[in-house]
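Listed below, chain by chain, are the residues.
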Amino acid sequence: SQKIEQNSEALNIQEGKTATLTCNYTNYSPAYLQWYRQDPGRGPVFLLLIRENEKEKRKERLKVTFDTTLKQSLFHITASQPADSATYLCALPRTQAGTALIFGKGTTLSVSS
Amino acid sequence: GAGVSQSPSNKVTEKGKDVELRCDPISGHTALYWYRQSLGQGLEFLIYFQGNSAPDKSGLPSDRFSAERTGGSVSTLTIQRTQQEDSAVYLCASSLGVAGDRTDTQYFGPGTRLTVL
């Protein structure tokens, strides 16, 4: 079965720096990969989706890359701000043909001013 | 209009009791998902409804768990004879459920925090 590893439970950086979060998967290459943000006491909020035939996707200060050879996605936040502090979750389809998702345990990002 | 809503926001129950958790999806969304999130764990898929199709129940951890969706809208997740290991945050999500589009965005509710004493 598909497994996801987000290899840092916590990441602490200074304001203005670029945060880079890693998501690795172990089994089949998914048709797409998603990144969500979760704040304490709230449900996850969708940020970005990248498809298997896309190398990179950008949205404002966010950038996601997808390397199907390495079975890895990188999530970057440039010019980070304290308001970016949250837990970031990587998600893949649970099966190759499905829509329900399997999530990583998340990386908690703390941006200090 | 409003996003996904869930009730109650918190539920404390005694071991062995039954509980019902409710989810109101975004109006017009045909797909509805239940997940649960335990402390220190990732979100775990439980069940998925798409329109009038038979639900995908493959994530339900035991036969004590069941869910239904009435009229293609509101969904209720029922846990019978609750156990302490059922303590978690139960999250509901909905999506447009566009046919053939496996990538449509899921919108999550705030969750119900269940504590089984």
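Residues numbered from 1 in each chain as written. Chains lettered and ligands numbered in written order. Predicted model: local features only at pLDDT ≥ 70, side-chain atom pairs only at ≥ 80, totals over all residues. Heavy atoms only, no water.

Participant: I'm lost on the interface of chain A and chain B in this one. Help?
Facilitator: Note on interface size: it is often stated as the accessible area lost on association of the parts. Between chain A and chain B, the residue contacts involve 23 residues of the former and 21 residues of the latter. Interface area, chain A with chain B, both sides summed: about 1700 Å², of which 52% is carbon and sulfur. Broken down residue by residue, the surface that chain A buries against chain B is led by Arg-94, Thr-99 and Phe-103 of chain A, which jointly contribute 29%. Connecting chain A to chain B are zero salt bridges. Connecting chain A to chain B are three residue pairs in polar contact (both at pLDDT 80 or more). Where the side of chain A that touches chain B is concerned, the elements lending two or more residues are strand 4 (32-38), strand 5 (45-51) and strand 10 (101-103) of chain A. If you tally residues by element for the side of chain A that touches chain B, the top one is strand 4 of chain A, at four residues. Looking at the side of chain A that touches chain B, its residues break down into eleven nonpolar, eight polar and four charged. (Contact = heavy atoms within 4.5 Å. Buried area = accessible area lost by both parts, 1.4 Å probe. Salt bridge = Lys/Arg side-chain N within 4 Å of Asp/Glu carboxyl O. Polar contact = N/O pair within 3.5 Å; in protein donor to acceptor, adjacent residues only side chain to side chain. Helix = DSSP H or I, 4+ residues; strand = E, 2+ residues; numbered from the N terminus. Nonpolar A, V, L, I, M, F, W, Y, C, P; charged D, E, K, R; others polar.)

Participant: Sorry if this is basic, but what is going on with the sheet that holds strand 6 (residues 56-59) of chain A here?
Facilitator: Residues and elements named next belong to chain A. Spatially, five strands are ordered 1-3-8-7-6 in an open sheet, and the strand pairing comes out antiparallel. Each having just a single partner strand, strand 1 (4-5) and strand 6 make up the two edges of the open sheet. Bridge analysis of strand 7 (residues 62-67) against strand 8 (residues 72-77) gives six bridges, and the strand direction is antiparallel. Among the inter-strand pairings, Leu-62 is bridged to a residue of strand 8, identified as Ile-77. (Pairing = 2+ DSSP bridges.)

Participant: Looking at this structure, how should I read the packing of aromatic side chains?
Facilitator: Per the counting criterion, the structure on display carries twelve aromatic pairs over all chains. On the basis of an interplanar angle of 75 degrees and a centroid distance of 6.0 Å, the ring pair of Phe-103 of chain A and Phe-108 of chain B is categorised as edge-to-face. A residue pair is termed interchain when its members come from two chains, as with Phe-103 of chain A in strand 10 and Phe-108 of chain B in strand 9 (residues 107-108). For the pair formed by Phe-103 of chain A and Phe-108 of chain B, the shared burial category is buried. Between Tyr-33 of chain B and Tyr-48 of chain B the ring centres are 4.8 Å apart and the planes differ by 10 degrees, which places this aromatic pair in the stacked class. You can see Tyr-33 of chain B sitting in strand 4 (residues 31-37) and its partner Tyr-48 of chain B sitting in strand 5 (residues 43-50), a full 15 residues away along the chain. Look at Tyr-33 of chain B and you get buried, because its relative accessible area is 1%. The rings of Tyr-36, Phe-46 and Phe-103 of chain A together with Tyr-33, Tyr-35, Phe-45, Tyr-48 and Phe-108 of chain B are connected pair by pair, giving a single aromatic cluster. (Phe/Tyr/Trp six-rings, centres within 6.5 Å; stacked < 30°, edge-to-face > 60°. Buried < 20%, exposed > 50% of the residue type's maximum accessible area, 1.4 Å probe, protein only.)

Participant: Please clarify how the pattern of salt bridges should be interpreted in this entry.
Facilitator: Any two side chains of opposite charge can pair, so long as their charged atoms come close to each other. Residue and element names in this part refer to chain A. Counted by the stated rule, this structure contains seven salt bridges over all chains. Of the charged contacts, one joins Arg-37 and Asp-39 as a salt bridge, the two residues approaching to 3.0 Å between their closest N and O atoms. Judged by relative accessible area, Arg-37 falls into the buried class, the value being 18%. Its salt-bridge partner being Glu-56, residue Arg-58 comes within 2.8 Å of it at the nearest N-O pair.

Participant: Would you take a moment to explain the state of the cysteines for this structure?
Facilitator: Here, the word disulfide means a covalent bond between the sulfur atoms of two cysteines. Residue and element names in this part refer to chain A. With the rule as written, the count across this model stands at two disulfides over all chains. Paired by a disulfide, Cys-23 and Cys-90 hold their sulfur atoms 1.9 Å apart. Between Cys-23 and Cys-90, the disulfide has an S-S torsion of -60 degrees and is therefore left-handed. Taken together, the positions of Cys-23 in strand 3 (residues 19-25) and Cys-90 in strand 9 (residues 86-93) put the pair 67 residues apart, joining distant regions of the chain. Under the relative-accessibility criterion, Cys-90 is labelled buried at 0%. (Disulfide = S-S within 2.5 Å.)

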